[in-house]
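Read off the chains here:
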Amino acid sequence: MDCITKVMLDRIDDKNPVVRCQAAKSLSRLQQPALQDCPVIEAYLFHMACDESSQVRAAVVSNISLTTKTLPCVLDRTRDISEAVRKIAFQIIAQKVSIKALTSSQRLYLIKQGLQDRSDVVQKVVKTQLFQAWLLTFDANLINLLKKLDVVGAYETCCRAVKAMYEWSNIKDLIEGFNLLNENKTVDFNQLTPEAALYWSQLCKYVRSKGAGVEHYLDVLLPSTLSFSQYLEEFLNKFLLPFMDLMESKNTVDISPEEEDDRIEKEFVAQQLIKIASKMDISDNTGRNGLHEFFEKALIKIDVLCFPCLVSPLTSGLLELLSASSASVGACEEEKVCLVAKLISTIRDPHVPNTPPALCMSEDEIRNLKQEIAKISVKLLEAKENMEISIDAKDFVKASEIQKLIEIEFAKKSEMEDKLKSNSRAIQIEDTSSLPEKSDVGTLIKCLQIIKDLLASLFESRCAASGLKKSVPKSIHPTLLQLLDTLVIPSVLNTTSDVRKEAIRGLGVACLFSSVLAARHFPLLIQVAQADTYLVRVAAINATNDLIRLFGLRLLFACKKNKSSKDEGVEEEHTAHDSDNEYDDEDVGAAIMTKFLDMLDDENVEVRQAVICLLAKVLVSHHILSPAVVSRLILTWYNPATQDEPQILHMISNFLNIFPYMSKQAHECMEAAFLPILRILFNAPCSSPYASVNADNVAELLVSITRPSIIQSADLKGICEERDTKWLNDGSAHDNIAMMISNEILSDARSPYVNTLCKILPTLDINPDLTENVKDLKVLCENMLKEVKDKHAIRHIRKFETQLTGFKKQAKNIPAIKVNDLPAENVPEPTTNKTALNELFVSTANSATSPALPERTGKGKKASKSTIISTKSRKKRVNSKPTLPSTPVKNLNKDLVEAEL
């Protein structure tokens, strides 16, 4: 047996992948899972992770014994580059691993990876095999299955899993399986768990999505609108309000973990119920009025500090209710604004709501009442003395009678004192002018959230009515302007960070309505983005992102200049200063981008994510074209310090899958960033994280994303329609890159990185029609062969020279490198990007100091002028500082480019 094992272990390292595959299958019966250092399992783990053949990796995944040691490695294969390996990994887990043997994080990991896989075949395996195996474990009870997942902490993932399970089930069976409904078509509160609430909410949503043919099932799932509003109000009074009273009686430190979990569960259940209510039938006036009354009452009573996630759903539900019942957009806006203004006035009212009216007594009545209270107090003192005397005399019968008399007189005294208190309260209520409005933290946060949700609703309604976001009417309601001046902007200076965050978010949405308003508050947002707590900074960065992509820096600064000119009474002649204004705009744009580039070194990962999102979206929308920004994004993607931040990697990888292929301007921007990126890697000191980056891998990527054939075949459907690539006939970036690299080699022919630069030259697609450029490259090749001494570099130069000589033959087609979320050292096989831009970028680490992008000041500045041929560009070079295009990229689909607010 040992001899067979040894022979098979030798064959699994064979150079032929077919032999290794058969050896992996043969070793399956020679495993010893109970042995800690089993050589077969060790060989399996190595080949499963490192073998270059997908067939070998698939064979190992199929035959390896699943233990606590091998299971994590099999889970990692669900992100394998090969579709076949990922498919087999999910199949093996579905067949051999019970859901109870997996941790909660592992279950969520499998759901997320399986449903987000780019292959439809893998997704089908997850839906039909993995999920069905999990359902069989719980006898097809989806609610029990959801209890094994974290529906509160991983809400989006659980929703995708539930929807996938619904798709492979019959609607009738799903409704019959939901057996928690009582005779009133509601769920009893003792059974209303977060899992049951999620199941109920998602089932109603799924039935609505199937259209009018199955809407009659909603009558089985839901009661009438009036009954459901009463059900919601009962839940509010029975669970939320008592819990708020309990939290008010305690400090935040005194809350136990059990109470905190109970609060989170109640809040989650309330969210699901509000989502159900927001989509109910409102054709009945009585039901609509009942639902409207509940939303208003809940918004007034809910404490945002206790339940911070309920104000936005309640506001959205109330605004949707008004939108559905209004006839026109203008009337709907007016109704929404008036309602929100009334709500905010009620919430900030200093008086206790629902206080019964009281009549004020005259001075004589008050004096007589106080005298009666004094007489009763004297009687009580005398009665207490007589009772003590009777007790000392052991006359307990008389003492008992005196005690009854004391109780009667004490009740009279209490009643009279209550009358005095109610009279004083009535006097205070009458004096309304002396009391200021509420300005505590909870009240301000609630009002700011309501204003923000109102502004977002109005903006979305205008966008839907106009069809294009660029044609949104640039006006804002006077009442909203007053709320901005009296509530939102003063809250930016509040001492509480949560209030400032909500104020910045509201201000950012308000600025979307007017370029003048945006230009006025844009410097404030930039300042807040640099110096505040990290949550407030993230809100300011996101607001800045929206403003730049909607208006552009040119329009923002133009509005600011026009406003300042009017204020100072100066008339400018724009025709005489167009060039100066453009120069100023570019300088300001470069300064702003520099500030955001500096934020990439921030210690908070949320800030870095927001900045990466801003830079990527601004470049894709072509409002700013900066090779320095492109260089920094690519270097951040390769930085080893960011390999543990998947959201940042995801955003940058999707940026690289889109931006280089969008337009001629983007192509030139990538060309200008080519050499600075390599210089950063070449000159990185040993202490820099870039010292460990493989420069050959980076160069291969840059060559691939600037290759003309890849640009022509890039699939940007839905992002940039009718993309024009005729400009490639005049040459591509590869022609200029060849000149730049050749001159870089000749500037320092003895550099240790000459081989890397020379290795790039044969992989470039040179345009043979540019005869002058080809002649210059031939001269440069001859000079490089004289100067370069490295044998490997000389081989690459000769190969490049041969290509230049024989351009009649078709150059070898080099496959594209497609960027994905895997580490930069393992660039995967090419894939086709079919994701719309608004789904590409995601809306929470120690500081990793990255070097700036300076011009190289190395050794090779003493080269002879006759040796180096200057690059004669066929087109206008992209400046190193950001440029502000006067017109956006042609046929750019703004609806898909603009991210959701």
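The rules we used
- Residues numbered from 1 in each chain as written.
- Predicted model: local features only at pLDDT ≥ 70, side-chain atom pairs only at ≥ 80, totals over all residues.
- Heavy atoms only, no water.
- Helix = DSSP H or I, 4+ residues; strand = E, 2+ residues; numbered from the N terminus.
- Areas by Shrake-Rupley, 256 points an atom, 1.4 Å probe, with all protein chains shown as cover.
- pLDDT = per-residue confidence, 0-100.
- Contact = heavy atoms within 4.5 Å.
- Core = buried A, V, L, I, M, F, W, Y, C linked by side-chain atoms within 4.5 Å.
- Buried < 20%, exposed > 50% of the residue type's maximum accessible area, 1.4 Å probe, protein only.
- Salt bridge = Lys/Arg side-chain N within 4 Å of Asp/Glu carboxyl O.
- Expected span 1.5 Å × (residues − 1).
- Axes fitted to C-alpha atoms, helices over the stretch in contact; angles between N-to-C directions.
- Parallel < 35°, antiparallel > 145°, perpendicular 65-115°, else oblique.
- Nonpolar A, V, L, I, M, F, W, Y, C, P; charged D, E, K, R; others polar.
- Patch = residues over 30% accessible without salt bridge, like charges linked within 9 Å, V, L, I, M, F, W, Y side chains within 5 Å.
- Lys, Arg positive; Asp, Glu negative; His and termini not counted.
- Charge placed at Lys NZ, Arg CZ, Asp CG, Glu CD.
- 1 Å grid on protein atoms, 1.4 Å probe; cavity = no way out; pocket = protein on both sides within 12 Å on 5 of 7 lines; lining within 4 Å.
- Points joined across faces, edges and corners; volume = space filled by probe spheres on them.
- Phe/Tyr/Trp six-rings, centres within 6.5 Å; stacked < 30°, edge-to-face > 60°.
- Bend = angle between axes of the 7 residues up to and from the residue.
- Polar contact = N/O pair within 3.5 Å; in protein donor to acceptor, adjacent residues only side chain to side chain.

Novice: Just checking my understanding: could you explain the overall build of the chain for this structure?
Specialist: Broken down by element type, the chain carries 37 helices and zero strands. Roughly 44800 Å² of accessible area belongs to the chain as shown, and the carbon and sulfur atoms make up 51% of that amount.

Novice: Just to check I follow, could you spell out the confidence of the model for the chain for this structure?
Specialist: Interpretation of this model should avoid reading the predicted coordinates in detail wherever pLDDT is low. For the chain, the mean per-residue pLDDT works out to 81, and 80% of the residues sit at or above 70. Here residues 352-358 is modelled with pLDDT under 50, and outside its nearest four sequence neighbours on either side it reaches three contacts, counting other chains as well. Throughout residues 565-583 the model reports pLDDT below 50, and contacts reaching past four residues in sequence, or to other chains, amount to seven contacts.

Novice: What is the right way to look at the nonpolar core in this model?
Specialist: Soluble globular proteins: nonpolar side chains tend toward being buried together. Membership of the largest hydrophobic core comes to 256 residues, with the highest contact counts inside it found for Phe 131, Leu 192, Trp 200, Phe 596, Leu 615 and Phe 659. What Phe 131 contacts, discounting residues up to four positions off in sequence, is Ile 111, Leu 115, Val 126, Ala 161, Ala 164 and Met 165. Counting ten residues, the second largest nonpolar core, distinct from the first, contains Leu 369, Ile 376, Ala 399 and Ile 406.

Novice: Sorry if this is basic, but what is going on with the environment of Ala 695 here?
Specialist: If you trace the backbone, Ala 695 turns up in helix α31 (residues 695-705). For Ala 695, a relative accessible area of 13% translates into the label buried. Placed 57 residues apart in sequence, Ala 695 and Tyr 638 show a C-alpha to C-alpha distance of 9.9 Å. Not counting residues within four places of it along the chain, the set of residues in contact with Ala 695 comprises Leu 678, Leu 681, Phe 682 and Thr 756.

Novice: Please clarify how the pattern of salt bridges should be interpreted in this entry.
Specialist: Here the idea is simple: oppositely charged side chains can pair when their charged atoms come close. What the rule picks out here adds up to 23 salt bridges. The salt bridge partner of Arg 263 is Glu 267, with a shortest N-O separation of 3.6 Å. Of the two residues, Arg 263 and Glu 267 are both situated in helix α15 (residues 257-278); the distance of four residues between them amounts to about one turn of the helix. Arg 263 sits in the buried class, given a relative accessible area of 13%. Glu 267 sits in the buried class, given a relative accessible area of 5%. Among the ionic contacts, a cluster of salt bridges with common partners joins Arg 57, Arg 77 and Asp 80.

Novice: Explanation requested: helix α27 (residues 605-620) in the structure shown.
Specialist: Because each turn of an α-helix spans 3.6 residues, side chains separated by three or four positions end up pointing in the same direction. Its 16 residues give α27 an end-to-end C-alpha distance of 22 Å, which sits within 8% of 22 Å, the value for a rise of 1.5 Å per residue. Most of α27 is tucked away: 16 of the 16 residues are buried. Of the residues flanking the end of α27, it is His 622, one or two places downstream, whose phi is positive at about 65°.

Novice: Help me understand the packing of helix α22 (residues 478-491) against helix α23 (residues 497-510), please; the structure alone is not making it clear to me.
Specialist: What describes two packed helices is the angle between their axes and the distance between those same axes. Orientation of α22 relative to α23, taken along the N-to-C sense of each, is 125°, at an axis distance of 7 Å. Between α22 and α23, the angle is such that the two are oblique. The residues of α23 that touch α22, namely those facing Leu 484, Val 488, Ile 489 and Ser 491, are Val 499, Arg 500, Ala 503, Leu 507 and Ala 510. In terms of residue class, the contact of α22 with α23 is built from seven nonpolar, one polar and one charged.

Novice: Help me understand the packing of α27 against helix α29 (residues 646-656) in this model?
Specialist: The geometry of α27 relative to α29 is characterised by a closest axis approach of 10 Å and an angle of 5° between their N-to-C directions. In terms of orientation, α27 lies roughly parallel with respect to α29. Residue-level inspection shows Arg 608, Gln 609, Ile 612, Cys 613, Ala 616, Leu 619 and Val 620 of α27 in contact with α29, the latter providing Gln 647, Ile 648, Met 651, Ile 652 and Phe 655. Within the contact of α27 with α29, the residues separate by chemical class into nine nonpolar, two polar and one charged.

Novice: Teacher, can you tell me more about a positive patch on the surface here?
Specialist: On the surface, Lys 163, Lys 205, Lys 210 and Lys 275 cluster together into a patch of positive charge. By the secondary structure assignment, Lys 275 is in helix α15. When its relative accessible area of 38% is taken as the criterion, Lys 275 is described as partly exposed.

Novice: Whenever I open this one, empty space enclosed by the protein confuses me. Can you help?
Specialist: Gaps left between atoms show up when a probe the size of a water molecule is rolled over them. For the largest cavity, the calculated volume is near 80 Å³. Leu 232, Phe 235, Leu 236, Leu 240, Ala 270, Leu 273, Ile 274, Phe 294, Ala 298, Ile 302, Leu 310 and Leu 314 together form the lining of the largest cavity. Elements represented by at least two residues in the lining of the largest cavity include exactly α14 (225-248), α15 and α16 (285-301). Examining the composition of the lining of the largest cavity, we find that four residues originate from one element, α14, more than from any other.

Novice: Explanation requested: the packing of aromatic side chains in the structure shown.
Specialist: To describe a pair of aromatic rings, you give the distance between the ring centres and the angle between the ring planes. Scanning all chains against the criterion turns up 19 aromatic pairs. Their ring planes at 45° and their centres at 5.4 Å tell us that Tyr 166 and Tyr 206 sit as a pair that is tilted. Taken together, the positions of Tyr 166 in helix α10 (residues 155-167) and Tyr 206 in helix α12 (residues 194-209) put the pair 40 residues apart, joining distant regions of the chain. Each of the two residues, Tyr 166 as well as Tyr 206, counts as buried. Between Phe 459 and Phe 513, the ring centres sit 5.7 Å apart and the planes meet at 75°, which makes this aromatic pair edge-to-face. Here Phe 513 lies in the loop between α23 and α24 (515-530) and Phe 459 lies in helix α21 (residues 441-466), a separation of 54 residues in the sequence. Just as Phe 459 is buried, Phe 513 falls in that class too. Joined through ring pairs, the aromatic side chains of Tyr 166, Phe 178, Phe 189, Tyr 199, Trp 200, Tyr 206, Phe 228, Tyr 231, Phe 235 and Phe 239 make up one cluster.

Novice: In this structure, what is going on with a negative patch on the surface? I would like to understand it.
Specialist: On the surface, Glu 382, Glu 385, Glu 388 and Asp 392 cluster together to form a negatively charged patch. Residue position: Glu 382 is located in helix α19 (residues 363-392). Taking relative accessible area as the criterion, Glu 382 reaches 48% and is therefore assigned partly exposed.

Novice: Would you take a moment to explain helix α8 (residues 120-137) for this structure?
Specialist: When the terminal C-alpha atoms of α8 are compared, their 25 Å separation across 18 residues agrees well with the 26 Å that a helix rising 1.5 Å per residue should span. By the largest-angle criterion, Val 126 marks the main kink of α8, which is about 30°. Taken as a whole, α8 has its buried residues at Val 122, Gln 123, Val 125, Val 126, Lys 127, Leu 130, Phe 131, Trp 134 and Leu 135. Elements that come into contact with the buried residues of α8 comprise α6 (83-96), α7 (104-115), α9 (142-146) and α10. The backbone nitrogen of Val 121 lies 3.3 Å from a side-chain oxygen of the residue at the head of α8, namely Ser 119. Following α8 by one or two positions, Asp 139 adopts a phi angle in the positive range, close to 55°.

Novice: Sorry, what's going on with the side chain of Asn 767 here?
Specialist: On the secondary structure map, Asn 767 appears in the loop between α34 (754-760) and α35 (771-787). Those residues in contact with Asn 767 that lie beyond four places of it in its chain are Leu 728, Asn 729, Asp 730, Gly 731, Asp 735 and Val 774.

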